Amino acid sequence: MTIHHVNAAQSVSGDGSSWEAAWKSFSAIDWSRILPGDTILIAGGLYKESLRVAASGSAGAPITITAATEAGRNGPVVIDGENLREAGVLIAGHDHLTISALSLVNHAGAALRVRHSHAGVVLENNDILSGDPGGGNARGIDIRQSAGVVVRNNNIATPDSTPAQTDGIWSSDNHDLLIEGNRIVISNHDSTGHSDGIQSFQDYQLTIRNNWIEQANSATEHNHGLWLVNTRAGGLITVHNNVILAPNLTGDSVVTHWHDAGWSEFGRAEFSENTIIGGARTLNLINTPFSSATANILVPARDGSAVSIGGEGIAAAGIQDNLIWAPGGRVATVSDRAKGWADWQAIGYDLSGLYAAPVFLQDYGQPAPLPAGTRGADLTGIAVGSQAASSARTMSAEEGGDGFVPPVVPAPGDTAVGPPLFIGTAGDEAGLSPVSLVGATFQPADYLFP
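What counts as what
Residues numbered from 1 in each chain as written. Predicted model: local features only at pLDDT ≥ 70, side-chain atom pairs only at ≥ 80, totals over all residues. Heavy atoms only, no water. Helix = DSSP H or I, 4+ residues; strand = E, 2+ residues; numbered from the N terminus. Buried < 20%, exposed > 50% of the residue type's maximum accessible area, 1.4 Å probe, protein only. Contact = heavy atoms within 4.5 Å. Areas by Shrake-Rupley, 256 points an atom, 1.4 Å probe, with all protein chains shown as cover. Core = buried A, V, L, I, M, F, W, Y, C linked by side-chain atoms within 4.5 Å. Phe/Tyr/Trp six-rings, centres within 6.5 Å; stacked < 30°, edge-to-face > 60°. Lys NZ or Arg CZ within 6 Å of the ring centre and 35° of its normal. Pairing = 2+ DSSP bridges. Salt bridge = Lys/Arg side-chain N within 4 Å of Asp/Glu carboxyl O. pLDDT = per-residue confidence, 0-100. Polar contact = N/O pair within 3.5 Å; in protein donor to acceptor, adjacent residues only side chain to side chain.

1. Notes on the overall build of the protein chain
- Across its full length, the protein chain holds one helix and 42 strands.
- Burial status across the protein chain gives 57% buried among its 450 residues.
- For the protein chain, the proportion of contacts with a sequence separation of at least 24, taken over those separated by at least 6, is 73%.
- In the form shown here, the protein chain has an accessible surface area of approximately 16300 Å², with 52% of it arising from carbon and sulfur atoms.

Here you go:
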C-alpha cells in the first residue's frame, strides 16, 4: 500500500513518491503505478483541471483519493471547472475507489461523474457547488449505468440563480446505489432547468436515507425535493428517514414517484419515516400501484394536499400510519378529487394514522399560533412509526383555515441530517428529550420549543 502525492504548488513535477517529488497536476499522475490499496494525497490548493481516474482498486483494498491533512499540505483542495469543464472527477469503468474531502466548484456537467462502475465506488465527505454555465446541466453528482456506488455525507449547494439544471444528485440505470447522510440545498431560484434535490430515472435499485434535502429558494414550481420516474420492472426505490423541505413550492410536488403513460415497466417506491414539508402535493404518487407510504410526517403548503394519487392507484394497505397536517384542510387528492381526513379514512387510507398539528423541536415548519377556542384534544403517548412523539393533538374543525409558517432551517455548514424530528405539544417541553440526529452538532438547547 503506497502513498502518492499531488501538489499544484510544486515547481517541477516529480514521480509522486513524496511531497518533495509530488506530481504537479492531475494529468501528471502515472496511473500505471497506482495499485489496489494505494492512496493519492492531494495538497491544499487550486486545481483548474479535471481528475480522470484511470485505475481500479479491489475488494477490501480500494484506491483512495483524498485531501492531505498534514501541516503545510492541508487546506481545501479546490477543483474549479470555471463553468467550462464537464466534471471535476470522472470515473468510467473503474471500481473500488474512494473519493473524499475534495471541494468541487463551477462544473458545466457535474462535479462528480460516474459511469459503468460495477462495485465499491464511494463518494464521501466532499463539498460541491454546482456551476453556472448559462444552461444545460450543472449537477452536483451524476451516476449512470453503475452498481454498488455509495454517495455519503457530501455537502451539495447551488448558485442562487442559473437556468442550468442544478440537481443535487442525478441517478439513472443504476443497481444498488446508496445515497445517505448528504446535505443537499438547492438555492437556485431559476426553475428553468427543473433543479431537483435528487432525481432518479429508470433505476433498478436505489436507497435514499438519512439525507437533508432543501429547496431554499423562491421557486413555486419545477424544483422538487425528489423526482423519481420510470423505475425498472422489479426495481425498488427505498426512501427512508429523510428531511425534505420545499416551503415555497406552492404550485408543484415536493416528492414524486411516477411512471410515464407509455412506460411498460412497473417498479415500486417505499416511503417510510420521512418528514416532508411544503408543496401543492407533498407526496405525489402517479401510476405507481405497488408503492407504499408509511409512518411519514407530511405537511403541505397552505392550499396543498399531503398525498396525491393519480392514474393506477395504490391499495389502501399501502398508505398507513402517517401523520398529516393540512393547513387548508385538504388531506389528499385522489383521481383529482379532494379528500378531507374523514373521506381519506373512509376509503381505507391511514386508518391508524394521525391528523394532527405537529410542533417540531427544531424551528422549522411549525403551525401558526392557533386562535383562542380552536385547540383540539390532546393525545398523549402518540408514536408514528419509530418516531417517538411525546404527544400531539387533533385538529378541531375551526383549524382548517390556519396558515402555515415557512420553515426556518439551520444555517449552511450545520451537519445535522438524519431522523425526522419528533413531535410534541407546546407546553410539554419539559417532558421531551433532545433528538439525536446522524452527524448532529447541535446542543440539547437547540431542540427546545421557541
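That covers the picture; the talk isn't over yet.
2. Observations concerning the nonpolar core
- Core analysis: the biggest nonpolar cluster contains 78 residues, and Ile-42, Val-89, Leu-123 and Trp-344 have the highest contact counts within it.
- Other than its neighbours up to four places away in sequence, Ile-42 contacts Val-6, Trp-19, Phe-26, Tyr-47, Leu-51, Ile-65, Thr-66, Ala-67, Ala-68, Arg-73, Val-77 and Leu-102.
- Ranked by size, the runner-up nonpolar core spans 10 residues in total, among them Ile-277, Val-299, Leu-323 and Trp-325.

3. What to know about the packing of aromatic side chains
- Under the counting rule described, the total for this entry stands at five aromatic pairs.
- Look at Trp-341 and Tyr-355: their rings are 5.4 Å apart centre to centre, the planes differ by 15 degrees, and that puts the pair in the stacked class. Of this pair, Trp-341 sits in helix H1 (residues 341-346) while Tyr-355 sits in strand E36 (residues 354-355); the two residues are 14 residues apart in sequence, bridging distant segments of the chain. Each of the two residues, Trp-341 as well as Tyr-355, counts as buried.
- The ring of Trp-170 is capped by Arg-139, whose NZ or CZ atom sits 4.0 Å from the centre of that ring.

4. A look at the pairing of strand E7 (residues 87-92)
- For E7, the tally of buried residues reaches five of six residues, placing the bulk of the element in the interior.
- As paired strands, strand E4 (residues 51-52) and E7 are joined by two bridges and run parallel to one another. Residue Leu-51 lies in a different strand from E7, and its bridge partner there is Val-89.

5. Focus: unusual backbone geometry
- You will see that Ala-101, though not glycine, has its phi angle at about 60 degrees, which is positive.
- In this fold, Ala-101 is placed in the loop between strand E8 (97-100) and strand E9 (103-105).
- The partly exposed category is assigned to Ala-101, whose relative accessible area is 34%.
- At His-222, a position not held by glycine, the phi torsion is positive, near 75 degrees.
- Structurally, the position occupied by His-222 is in the loop between strand E21 (212-215) and strand E22 (226-229).

6. Thoughts on the sheet that holds strand E32 (residues 319-320)
- The 12 strands are arranged E1-E2-E5-E8-E11-E14-E17-E20-E23-E26-E29-E32 in an open sheet whose pairing can be described as parallel. Strand pairing shows two members of the sheet lacking a second neighbour, strand E1 (3-6) and E32, which therefore form its edges.
- Pairing of E8 with strand E11 (residues 121-124), which is carried by four bridges, proceeds in the parallel orientation. When the bridges of E11 are listed, Ser-100 appears paired with Glu-124.

7. A few points about the pattern of salt bridges
- Taken as a whole and judged by the stated rule, the model has 15 salt bridges.
- Salt-bridge contacts for Arg-152 lead to Glu-124; the nearest nitrogen and oxygen are separated by 3.1 Å. With Arg-152 in strand E14 (residues 150-152) and Glu-124 in strand E11, the pair connects residues that are 28 residues apart, well separated along the chain.
- Where Arg-209 meets Glu-180, a salt bridge forms, and the shortest distance between an N and an O atom there is 2.8 Å. Remark: Glu-180 occurs in strand E17 (residues 177-180) and Arg-209 occurs in strand E20 (residues 205-209); sequence separation between them is 29 residues.
- On the basis of relative accessible area, Arg-209 is assigned to the partly exposed category, the value being 32%.

8. Some points on the pairing of strand E10 (residues 110-115)
- Burial runs high along E10: five of the six residues are buried.
- With five bridges joining them, E7 and E10 adopt parallel strand pairing. Looking at the pairing, Ala-87 lines up with Ala-110 of E10.
- Both E10 and strand E13 (residues 139-144) contribute to a ladder of five bridges, which runs parallel.

9. Brief notes about the confidence of the model for the protein chain
- When the pLDDT values of the protein chain are averaged, the result is 82; 79% of them are 70 or greater.
- With pLDDT under 50 throughout, residues 361-450 is counted as low confidence; its partners more than four residues away or in other chains account for 210 contacts.

10. Here's the deal with the environment of Asn-7
- Its location among the elements puts Asn-7 in the loop between E1 and strand E2 (39-42).
- Separated by 18 residues in the primary sequence, Asn-7 and Ser-25 have C-alpha atoms spaced 6.8 Å apart.
- Setting aside anything within four residues of it in sequence, one finds Asn-7 in contact with Trp-19, Ala-22, Trp-23, Lys-24, Ala-43, Tyr-47 and Arg-73.

11. Observations regarding the side chain of Glu-124
- For Glu-124, a relative accessible area of 18% translates into the label buried.
- Of note is the side chain of Glu-124, whose polar atom sits 3.1 Å from the side chain of Arg-152.

12. Quick notes on the environment of Asn-83
- Mapping Asn-83 onto the fold places it in the loop between strand E6 (77-80) and E7.
- Between the alpha carbons of Asn-83 and Asn-106 there is a distance of 4.8 Å; along the sequence they are 23 residues apart.
- When neighbours within four sequence positions are excluded, Asn-83 is seen to be in contact with Asn-106, Ala-108, Gly-131, Asp-132 and Pro-133.

13. So, the sheet that holds E10
- Read from one edge of the open sheet, 12 strands run E4-E7-E10-E13-E16-E19-E22-E25-E28-E31-E34-E35, paired in mixed fashion. Sheet topology places E4 and strand E35 (337-339) at the edges, where each strand pairs with a single neighbour.

14. Quick word on the environment of His-175
- Along the chain, His-175 falls in the loop between strand E16 (169-172) and E17.
- Under the relative-accessibility criterion, His-175 is labelled partly exposed at 32%.
- A C-alpha to C-alpha distance of 8.8 Å links His-175 and Gly-235, two positions 60 residues apart in sequence.

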